[in-house]
Amino acid sequence: MRSPYGRAMTDVKRHKILLDEDEMPTRWYNVVPDLPAPPPPVLHPGTLEPVGPDDLAPLFPMALIGQEVTSDSYVEIPGDVLDIYRLWRPSPLYRAHRLERALKTPARIYYKYEGVSPAGSHKPNTAVPQAFYNAEAGIRRLTTETGAGQWGTALAFACTQYGLECEVWQVRASYDMKPYRRMMIETFGATIHPSPSELTNAGRAILAATPDSTGSLGIAISEAVEVAAQNADTNYALGSVLNHVLMHQTIIGEEALLQLAKVGETPDLIVGCTGGGSNFGGLAFPFLREKLAGRMSPSILAVEPAACPSLTKGSYAYDFGDTAGMTPLMKMHTLGHDFIPDPIHAGGLRYHGMSPLISHIYELGLLSAVSKPQSDCFAAGVQFARTEGIVPAPEPTHALAAAIDEARRCAETGEEKVILTALCGHGHLDLPAYDAYLSGRMTDSEWADHDADAMARALAALPAVPA
Ligand SMILES: *Cc1c(COP(=O)(O)O)cnc(C)c1O
């Protein structure tokens, strides 16, 4: 064996591709002006006219409303936000040499790892600026929903950085299944309630009709929005779906572009998991910019759970973002706002709708989508953990399963594809889900005919929106 000290650097495999702190991008990217057609407007549920800034002011600070509708291609990241980002950013890009070897694939697999953040996921990338702009506007408290608890954890961390109170409604199924996230949210100083709760009109209405409701992200959003709308010193923060959230997450893709350039690679396939679309959009949009400018030509693939397939099975229609119907109407791929998906371990992917921006880009034919049952995803997660040494959160195992499928195809065809994925969180607080998988207790609930009926009922109840 040769001494490692005598080796030339060129012999050393690059596992981690790092950026220095001063190489971190200082702007977020807005994909909207680069698209061949603008996305449809968000509508007021009463008038069915496009919403204006005043309609959103009870919930969001003007700085974020401005970012939601901006036609600028870039927004400067405030210095104070950059300073907090530097606690964990730039995040590492890894080459999955050991996974590649196990798959005997000529494909080169890269993953951008967001599990190094305080919450263990990509969510603080938007939680920090959202807390910053709210604090700057003199707001005292933020309310929000959380599914698996990742977003609640991220917002609790961000609020404590700026001295804001934080109140979180967590989907009942996850609240019961994942107590460690609740403990982490409380450690960061926030208050947390299971949803549906007795604290709001929306929660009480659901409990009256369905006392043992497992909850949903749509219900939890209704509760958090209701409290924010009723209190002048309180705003609401959303962890995904909206344009400004996806824009904040583009720090992921901007860093990955610089990191791949360091090793002279361009991706042939970008694959990410989609709940509301923020980690996927955050990784993919800067590469989509390069693609639209003709500088590279990656395929872009969204992977969603078979139990909640908004892109692959949902309708592209105007729908509410929440269950009680309090939010503006957004045109998006939706399973219907009162559709309640079966509980799955990837709680962060259990949302009835898809980001309007991702939905629009899907309609433009600039990305494709597949769905996967959770046991296939956990098989991929276990293979990834055993080769690369990181236990992934249940959500990104969907992306890993699709990346592994593609790498296996490459093993058959001999194609040397470059695959890039976002490993958007670690699964250290999701180990009971791995336990269920490893002990054979995991079941797959597929979206089925009864779901189609429920979706049809939910969509029939929507206001008709003129074309
Ligand atoms: C919240 C979350 C998701 C789903 O949200 P997106 O907006 O689709 O990214 C996926 N993975 C992890 C780890 C999450 O915390």
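You'll find the structure just up there.
In what follows, the accompanying structure is described.

About the criteria used
By convention here, each chain's residues receive numbers from 1 onward along its written sequence. Where totals are concerned, whole chains, interfaces and linings use all residues; where local detail is concerned, this predicted model gives features only for residues with pLDDT of at least 70, and gives and counts side-chain atom pairs only at 80 or more. Side-chain descriptors were evaluated using all non-hydrogen atoms of the structure, hydrogens and water having been removed beforehand. Here, proximity means that at least one heavy atom of the residue falls within 4 Å of the molecule or strand. What qualifies as a polar contact is a pair of N or O atoms within 3.5 Å, subject to a donor-acceptor requirement within protein and to the restriction that residues adjacent in sequence count only when both atoms come from side chains. Using a 1.4 Å probe, the Shrake-Rupley method yields the accessible areas, and only the shown protein chains count as cover for residues. A cavity here means a set of 1 Å grid points, computed over protein atoms only, where a 1.4 Å probe fits but cannot escape. A pocket is an open set with protein on both sides within 12 Å along at least 5 of 7 lines, and lining residues have an atom within 4 Å of a point. Whether a molecule lies in a cavity or pocket depends on its atoms, and more than half of them have to be within 2 Å of the grid points. Amino acids are sorted into nonpolar (Ala, Val, Leu, Ile, Met, Phe, Trp, Tyr, Cys and Pro), charged (Asp, Glu, Lys and Arg) and polar (every other residue, Gly among them). Grid points are joined across faces, edges and corners, and a volume is the space filled by probe spheres set on the points. Under the scheme used here, helices are H or I runs from DSSP no shorter than 4 residues and strands are E runs no shorter than 2 residues, and both carry numbers assigned from the N terminus. What counts as a domain boundary in this text is fixed by an automatic or database domain assignment. Salt bridges are identified by distance alone: a Lys or Arg side-chain nitrogen within 4 Å of an Asp or Glu carboxyl oxygen. Burial classes: relative accessible area under 20% of the type maximum marks a residue as buried, over 50% as exposed, and values in between as partly exposed (1.4 Å probe, protein chains only). Expected helix span is computed as 1.5 Å times (number of residues minus one). Any two cysteine sulfur atoms within 2.5 Å of one another count as a disulfide. In summary, the pairing rule links any two rings of Phe, Tyr or Trp, Trp by its six-membered ring, whose centres are within 6.5 Å, and it sorts them by plane angle into stacked for under 30 degrees, edge-to-face for over 60 and tilted for everything else. Note on geometry: a ring has a charge over it if NZ (lysine) or CZ (arginine) is within 6 Å of the ring centre and within 35 degrees of the ring normal. A strand pair is defined by DSSP finding two or more bridges across the two strands. Every crossover in which the path from the first strand over the helix to the second runs clockwise, viewed with the strands pointing away from the viewer, is termed right-handed. Inter-axis angles, ranging from 0 to 180 degrees, are taken between N-to-C directions of lines fitted to C-alpha atoms, where helices are fitted over the stretch in contact. Note on contacts: a residue pair qualifies if any of its non-hydrogen atoms lie within 4.5 Å across the two residues.

1. Notes on the site of the ligand
In the neighbourhood of the ligand, 16 residues make up the surrounding shell, with K123, S240, G275, S278 and N279 lying closest. Backbone polar atom of G275 to an oxygen atom of the ligand: 2.7 Å apart, as the coordinates give it. In this structure, an oxygen atom belonging to the ligand sits 2.8 Å away from a side-chain N or O atom of N279. Here the ligand has 380 Å² of accessible area as a free molecule, and 97% of this is covered by the chains. In this structure, the ligand is accommodated by the largest cavity. The residue inventory of the shell around the ligand, partitioned by class, reads three nonpolar, 11 polar and two charged.

2. Comments concerning the layout of surface pockets
When its volume is computed, the largest pocket comes out at roughly 650 Å³. Around the largest pocket sit 34 residues that line it, and V42, L56, E68, L242 and N243 are the ones nearest its centre. For the lining of the largest pocket, the secondary structure elements donating two or more residues are α1 (53–56), α2 (62–69), α10 (217–230), α11 (243–248) and α15 (356–363). A total of five residues in the lining of the largest pocket trace back to one element, the largest contributor, which is α2. For the lining of the largest pocket, a count of residues per class yields 24 nonpolar, nine polar and one charged. Two domains each put at least three residues into the lining of the largest pocket: domain 1 (16–27 + 77–120 + 244–460) and domain 2 (122–242).

3. Details of the pattern of salt bridges
Overall, the coordinates contain 22 salt bridges when judged by the stated rule. Here E100 makes a salt bridge to R95, at a shortest N to O gap of 2.7 Å. Residues E100 and R95 agree in their burial class; the two are buried. Notably, a salt bridge pairs E167 with R141, separated by 2.7 Å at the nearest N-O pair. You can see E167 sitting in strand β7 (residues 165–171) and its partner R141 sitting in strand β6 (residues 141–146), a full 26 residues away along the chain. Sharing partners across several salt bridges, the network here consists of R89, K112, E114 and E255.

4. Some words on helix α12 (residues 250–262)
Helix length check: α12 (13 residues) gives 19 Å between terminal C-alpha atoms against 18 Å at 1.5 Å per residue, within 8%. The buried count for α12 comes to 10 of 13 residues, which makes it a mostly enclosed element. Those residues of α12 lying buried are T250, I251, I252, G253, E254, E255, A256, L257, Q259 and L260. Looking at the residues trailing α12, positive phi occurs at G264, about 65°.

5. Here's the deal with the state of the cysteines
For the structure on display, the rule yields zero disulfides. The thiol sulfur of C166 is not disulfide-bonded, and the nearest other cysteine sulfur, from C159, lies at 4.1 Å. A relative accessible area of 6% places C166 in the buried class. Of the cysteine sulfurs around C377, a residue in no disulfide, the closest is that of C273, at 9.4 Å.

6. As for the packing of aromatic side chains
One pass over the structure, following the stated rule, counts 12 aromatic pairs. Ring centres of Y85 and W88 lie 6.0 Å apart, and the angle between their planes is 65°; this geometry places the pair in the edge-to-face category. According to the relative accessible area criterion, W88 is buried, its value standing at 7%. Geometrically, the ring pair formed by Y94 and Y113 is edge-to-face, given 6.4 Å between the ring centres and 65° between the ring planes. Of this pair, Y94 sits in strand β4 (residues 93–95) while Y113 is found in strand β5 (residues 108–113), placing the two residues 19 residues apart along the sequence. We note that Y94, like Y113, is buried. Each residue in the set Y85, W88, F157 and F188 is aromatic and connected to the rest through ring pairs, giving one cluster. In this structure, R27 packs its charged tip against the face of Y74, placed 3.8 Å from the ring centre. One Lys or Arg, R289, reaches over the ring of Y29 and ends 4.6 Å from the middle of that ring.

7. What to know about the pairing of strand β10 (residues 269–273)
Taken across its five residues, β10 has five buried, putting it largely inside the fold. In this structure, β10 lies alongside strand β11 (residues 299–305), joined through five bridges in parallel fashion. Residue pairing across strands places V271 opposite L301, the latter belonging to β11. Taken together, β10, helix α13 (residues 278–292) and β11 constitute a β-α-β crossover, and its handedness is right-handed. Two elements, β10 and strand β15 (residues 418–423), share three bridges in a ladder whose sense is parallel. Paired with V271 across the two strands is T421, which belongs to β15.

8. Let's talk about the sheet that holds strand β9 (residues 234–236)
Across the sheet, which stays open at both edges, the four strands sit in the order β8-β7-β6-β9 with parallel pairing between neighbours. Sheet topology places β8 (191–195) and β9 at the edges, where each strand pairs with a single neighbour. Adjacent strand axes in the sheet meet at a mean angle of 25°, parallel and antiparallel pairs treated alike. Here six bridges tie β6 to β7, and the two strands are oriented parallel to one another. Across the sheet, residue E145 finds its bridge partner in β7, namely W169.

9. Here we look at the environment of A154
Considering the arrangement of structural elements, one finds A154 in helix α6 (residues 150–162). A residue is classified by how much of its surface remains accessible, and A154, at 0% relative accessible area, is buried. Separated by 26 residues in sequence, A154 and V128 have C-alpha atoms that sit 8.0 Å apart. With sequence-adjacent residues up to four places away left out, A154 is seen in contact with A119, K123, P124 and A127.

10. Section: empty space enclosed by the protein
A full pass over the atoms with the stated rule returns four cavities of 30 Å³ or more. Considering only enclosed or pocket space, the largest cavity measures out at about 370 Å³ in volume. Residue lining of the largest cavity: 31 residues in total, with K123, G239, S240, G276 and G348 positioned closest to the centre. Mapped by element, the contributors of at least two residues to the lining of the largest cavity are β6, α6, α10, α13 and α17 (394–413). Each of two domains, domain 1 (16–27 + 77–120 + 244–460) and domain 2 (122–242), supplies a minimum of three residues to the lining of the largest cavity.

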